[in-house]
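Listed here are the chains, written in short residue letters.
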2 protein chains.
Amino acid sequence: MSISANGDMIPQTTGHPLSIVFIGAGNVATHLAQAFEKSDVGNVVQVFSRSIDSAKELAHKLHAAEFVNDPSEIVHDADVYVVSLVDHAVDNVIKEIPRNNALWLHTSGSLPIEALTGKSDRTGVFYPLQTFSKQVPVDMTEVPIFIEGCNPGITDEIRHMAEKMSEKVYYADGDLRRRMHVAAVFACNFSNHMFTIADDLLRRDGLTLEVLHPLLRETVRKAIDGCPADGQTGPAVRGDKAVMEKHQSMLTRELADIYSIISKSIYSRHNPD
Amino acid sequence: MSISANGDMIPQTTGHPLSIVFIGAGNVATHLAQAFEKSDVGNVVQVFSRSIDSAKELAHKLHAAEFVNDPSEIVHDADVYVVSLVDHAVDNVIKEIPRNNALWLHTSGSLPIEALTGKSDRTGVFYPLQTFSKQVPVDMTEVPIFIEGCNPGITDEIRHMAEKMSEKVYYADGDLRRRMHVAAVFACNFSNHMFTIADDLLRRDGLTLEVLHPLLRETVRKAIDGCPADGQTGPAVRGDKAVMEKHQSMLTRELADIYSIISKSIYSRHNPD
């Protein structure tokens with residue numbers, strides 16, 4: 001600790017290991033909490049989740065964290081609070097913790113930094129752009145982390161922490177973060193739904209997505225090694241109406257509508273007037 | 001050659017290396033022609049393409065194939081004809097070759113086997129379920145090949161050829177092939193368009209899909225190792241209307257419509273009434 005100009009105690013985020021509270025124990029919290037400890041940024045002293053089982057499960061993966069499910073039990077004197085909850089739950093949980101001088105971070109791609117205003121003068125965002133599953137290890141050094149601080153000094157402090165964890169640390173304000181989040185929804189959530197639809201269709205014939213695994217791997221390899229627009233194939237990019245109409249006639253109304261709107265988008269993207 | 005019951009000469013597809021003509025020199029033809037030679041199924045003696053450059057480019061990748069761009073120059077006495085053209089071009093090209101006793105195969109997921117009726121009594125389908133790029137080598141042993149013959153004997157003959165090339169050979173009639181093709185369009189063509197939209201959105205901020213590469217890799221790894229439905233994440237599966245509305249307000253009308261229809265489909269798929 002040191003003393004600030006106005007006499008407040010200020011936790012130093014460099015030098016000694018920080019004490020960290022995780023508010024939330026979902027997929028993102030699970031990976032970040034372990035990454036904070038592994039990279040020697042600090043020690044997680046407490047995990048909060050409305051579900052005590054989730055809080056316990058994450059705490060057990062950490063060195064010496066306690067777990068609580070009542071916001072009133074969250075300690076008030078940690079150095080860092082990492083809020084990793086679904087967006088709409090944030091306000092309700094954090095209002096129970098009194099304002100302090102800690103560094104408050106949230107991990108959301110959609111929430112503005114202002115979501116933490118009122119908790120401290122030292123607020124920021126620590127947004128790892130990755131899809132996490134609790135049980136699957138992720139190489140955090142490869143995960144892009146987008147950071148923002150409420151002032152340049154705090155941004156530097158957060159950057160210093162993030163760079164201990166990942167080789168890919170970028171600054172992004174709330175607007176850019178939201179635009180990246182939209183892009184990630186298309187690239188990740190929506191493409192995964194396309195895989196799900198394919199899997200559903202194949203299961204009706206006693207097959208599964210497994211017959212398409214080589215195709216999937218190659219599609220993504222092409223998109224990553226090159227540029228996805230250059231690798232577009234299929235009836236829509238050629239405007240092959242006969243094949244598209246045949247396909248739509250084989251689908252439910254809902255899937256035929258999806259087929260139609262995406263096909264139109266592919267055609268117009270690749271065949272500008 | 002041997003003599004059939006009705007006195008016709010029948011080329012044997014086992015024993016001696018077959019002479020093969022490739023009609024088409026696109027991505028599929030390029031990989032298949034090389035795979036036929038590599039697996040010792042036979043020798044490609046001729047490549048036809050309306051584009052002489054394409055025909056020449058493929059012929060040069062083969063052992064001793066000539067290249068032609070006039071259908072009337074296609075030889076009449078090969079053992080196997082592999083028709084690998086866009087569906088609507090097939091009729092026009094093959095009508096120029098007189099009926100013979102060769103084995104005629106097409107490589108399309110959408111065309112019925114009957115597309116070759118009239119060329120020979122020995123027709124079939126050889127449909128490799130993969131997305132090919134001319135310049136990128138593909139491990140054909142991993143590519144599922146779906147086969148069909150006009151009778152059980154021809155099916156066996158085609159299966160024998162396919163098994164020299166790939167470890168994954170399945171029988172599929174025209175209906176099943178079409179249903180798999182639709183599934184492949186969702187899993188491959190449509191997911192690639194989702195990557196393209198993400199890339200387009202990011203480029204407006206001076207970024208590219210590269211910031212999402214770890215996310216993309218993990219999304220596909222999850223879908224392949226598990227089941228894509230189980231790995232669905234994002235605002236739509238949670239029904240997070242606030243985030244979805246914010247996202248749609250940031251998109252063009254066209255992209256907002258796509259966002260909306262896919263989000264609804266995700267929500268209803270994962271939250272059945």
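Residues numbered from 1 in each chain as written. Chains lettered and ligands numbered in written order. Predicted model: local features only at pLDDT ≥ 70, side-chain atom pairs only at ≥ 80, totals over all residues. Heavy atoms only, no water.

Looking at an unreviewed UniProt entry, one finds chain A named DUF2520 domain-containing protein and attributed to Duncaniella freteri.

Mind showing me how you'd approach the pairing of strand E7 (residues 103-106) of chain B here?
Each regular strand displays side chains that alternate between the two surfaces of the sheet. All names here are of chain B. Burial of the side chains of E7 extends over both faces: Leu103 and Leu105 are buried on one face and Trp104 and His106 on the other. Pairing analysis gives four bridges linking strand E6 (residues 80-83) to E7, with the strands arranged parallel. If you follow Val82 over to E7, its bridge partner there is Leu105. Note that E7 and strand E8 (residues 122-128) share four bridges and pair parallel. Residue pairing for E8: Leu103 is matched across the bridge by Arg122. (Buried < 20%, exposed > 50% of the residue type's maximum accessible area, 1.4 Å probe, protein only. Helix = DSSP H or I, 4+ residues; strand = E, 2+ residues; numbered from the N terminus. Pairing = 2+ DSSP bridges.)

How do you make sense of the relation of the copies chain A and chain B when you look at a structure like this?
The relation between the two copies of this chain is a rotation about an axis and a shift parallel to it. If you rotate chain A by 180 degrees and push it 0.0 Å along the axis, it lands on chain B with an RMSD of 0.0 Å. On this basis, the relationship between the two copies can be described by a two-fold rotation axis. Scanning chain A for the C-alpha nearest the rotation axis identifies A:Ser191, at a separation of 2.2 Å. Both copies share a contact surface, since 99% of the interface residues of chain A are interface residues in chain B too. (Least-squares fit on C-alpha atoms with pLDDT ≥ 70 in both. Contact = heavy atoms within 4.5 Å.)

I tried to follow the packing of helix H5 (residues 174-203) of chain B against helix H9 (residues 253-270) of chain B on my own but got confused; where do I start?
A pair of packed helices is characterised by two quantities: the angle between their axes and the separation of those axes. All names here are of chain B. Their axes nearest at 13 Å, the elements H5 and H9 cross at an angle of 135 degrees. Relative to H9, the element H5 is oriented oblique. Between H5 and H9 the crossing geometry is left-handed. Between H5, through Met194, Ile197 and Leu201, and H9, the contact on the second element is made entirely by Leu255, Ile258 and Ile262. For the contact of H5 with H9, the per-class residue count stands at six nonpolar, no polar and no charged. (Axes fitted to C-alpha atoms, helices over the stretch in contact; angles between N-to-C directions. Parallel < 35°, antiparallel > 145°, perpendicular 65-115°, else oblique. Left-handed = near helix turned anticlockwise from the far one by under 90°. Nonpolar A, V, L, I, M, F, W, Y, C, P; charged D, E, K, R; others polar.)

Explain the interface of chain A and chain B here, please?
One widely used convention gives an interface's size as the accessible area the parts lose upon coming together. The interface is formed by 86 residues belonging to chain A together with 85 residues belonging to chain B. The junction of chain A with chain B conceals about 7,900 Å² of combined surface from both sides, 70% of it contributed by carbon and sulfur atoms. Its largest share of buried area at the contact with chain B, chain A owes to A:Phe186, A:Phe190 and A:Ile224, together 8% of the area lost on that side. In this structure, the connection of chain A to chain B is made through four salt bridges. Listing elements by their share of the side of chain A that touches chain B, those giving two or more residues are helix H5 (174-203), helix H6 (213-225), helix H7 (235-238), helix H8 (241-249) and helix H9 (253-270) of chain A. (Buried area = accessible area lost by both parts, 1.4 Å probe. Salt bridge = Lys/Arg side-chain N within 4 Å of Asp/Glu carboxyl O.)

What should I look at first to understand helix H4 (residues 152-165) of chain A in this one?
Structurally, the α-helix is built with 3.6 residues per turn, so residues lying three or four positions apart point the same way. Residue and element names in this part refer to chain A. An ideal rise of 1.5 Å per residue puts 20 Å on 14 residues; H4 measures up with 20 Å between its terminal C-alpha atoms. Listing the buried residues of H4 in full gives Ile154, Thr155, Glu157, Ile158, Met161, Ala162 and Met165. One side of H4 holds all its buried residues, which, seen down the axis, span an arc of 160 degrees. The inward-facing, buried residues of H4 contact helix H1 (27-38), strand E7 (103-106), strand E8 (122-128), strand E9 (145-149) and strand E10 (169-171). Between the side-chain oxygen of the N-cap and the backbone nitrogen of Gly153 there are 2.9 Å, and the N-cap of H4 in question is Asn151. (Expected span 1.5 Å × (residues − 1). Arc of directions from axis to C-beta. Polar contact = N/O pair within 3.5 Å; in protein donor to acceptor, adjacent residues only side chain to side chain.)

Any chance you could explain the layout of surface pockets here in plain terms?
What the largest pocket holds in volume is close to 1,000 Å³. Lining the largest pocket are 44 residues, with A:Asn27, A:Val28, A:Leu85, A:Val86 and B:Arg238 positioned closest to its centre. Sorting the residues of the lining of the largest pocket by element identifies H1, helix H3 (90-94), E8 and H5 of chain A together with helix H7 (235-238) of chain B as the ones contributing at least two each. Residue contributions to the lining of the largest pocket peak at five residues, all from H5(A). Counted by class, the lining of the largest pocket contains 21 nonpolar, 19 polar and four charged residues. (1 Å grid on protein atoms, 1.4 Å probe; cavity = no way out; pocket = protein on both sides within 12 Å on 5 of 7 lines; lining within 4 Å. Points joined across faces, edges and corners; volume = space filled by probe spheres on them.)

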